[in-house]
Amino acid sequence: GETLLQILEQRLDNTVYRLGFAPTLERATREREPFEVARYLNELSAVFNAFYNAHQVIDAADAPLSRARLALVGATRGVLATGLGLLGLTALETM
């Protein structure tokens, strides 16, 4: 069976890519419903938070895995920053 890591990574990947930020933007624009963007960003944040809390992003013993996880972090950050910007909000750089 799948490990928790595989499930979370797949959910994050699906949220970012398969559900698609672009289709969400198209739907929000077409229907004049900016909450669609906010809902997508909220879902993405929840899935990413579960992933981030469950797994170490950088693993010195596994460079390819670290690179893949860093790519997921970067993609998620980019989508969140873009979406928040479209909603007139600014993403925090640090907490």
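Residues numbered from 1 in each chain as written. Predicted model: local features only at pLDDT ≥ 70, side-chain atom pairs only at ≥ 80, totals over all residues. Heavy atoms only, no water.

This part is about the overall build of the protein. Assigned secondary structure in the protein consists of 4 helices and 0 strands. Listing the helices and strands of the protein from first to last along the sequence gives α-α-α-α. Scored against the burial criterion, the 95 residues of the protein give a buried share of 28%. Here the analysis covers contacts within the protein between residues at least 6 apart in sequence; of these, 67% occur between residues at least 24 apart. Total accessible area on the protein is roughly 6400 Å²; 57% of this is exposed by carbon and sulfur atoms. (Helix = DSSP H or I, 4+ residues; strand = E, 2+ residues; numbered from the N terminus. Buried < 20%, exposed > 50% of the residue type's maximum accessible area, 1.4 Å probe, protein only. Contact = heavy atoms within 4.5 Å. Areas by Shrake-Rupley, 256 points an atom, 1.4 Å probe, with all protein chains shown as cover.)

In this structure, Arg 32 takes a positive phi of about 55 degrees despite not being glycine. Position of Arg 32 among the secondary structure elements: in the loop between α2 (21-31) and α3 (35-54). Since its relative accessible area comes to 73%, Arg 32 is described here as exposed.

A few words on the nonpolar core. Counting residues in each nonpolar core, the largest one holds 8 residues, listed as Phe 21, Ala 28, Val 37, Tyr 40, Leu 41, Leu 44, Val 79 and Leu 80. Breaking this core down by element, the ones donating at least two residues are α2, α3 and α4 (63-86). (Core = buried A, V, L, I, M, F, W, Y, C linked by side-chain atoms within 4.5 Å.)

Right, let's talk about the environment of Asn 42 for a bit. Summarising the element assignment, Asn 42 is placed in helix α3. Expressed as a C-alpha distance, the spacing of Asn 42 and Leu 80, which sit 38 residues apart in the sequence, is 9.1 Å.

Inspection of every chain in the model, using the stated rule, returns 3 aromatic pairs. Between Phe 48 and Phe 51 the ring centres are 6.2 Å apart and the planes differ by 45 degrees, which places this aromatic pair in the tilted class. Of this pair, Phe 48 and Phe 51 both sit in helix α3, 3 residues apart, which is roughly one turn of that helix. Residue Phe 48 shares its accessibility class with Phe 51, and that shared class is buried. (Phe/Tyr/Trp six-rings, centres within 6.5 Å; stacked < 30°, edge-to-face > 60°.)

Tallied over the entire structure, the rule returns 4 salt bridges. Put simply, Arg 30 and Glu 31 hold a salt bridge, and the shortest N to O gap is 3.8 Å. A relative accessible area of 39% means that Glu 31 is categorised as partly exposed. (Salt bridge = Lys/Arg side-chain N within 4 Å of Asp/Glu carboxyl O.)

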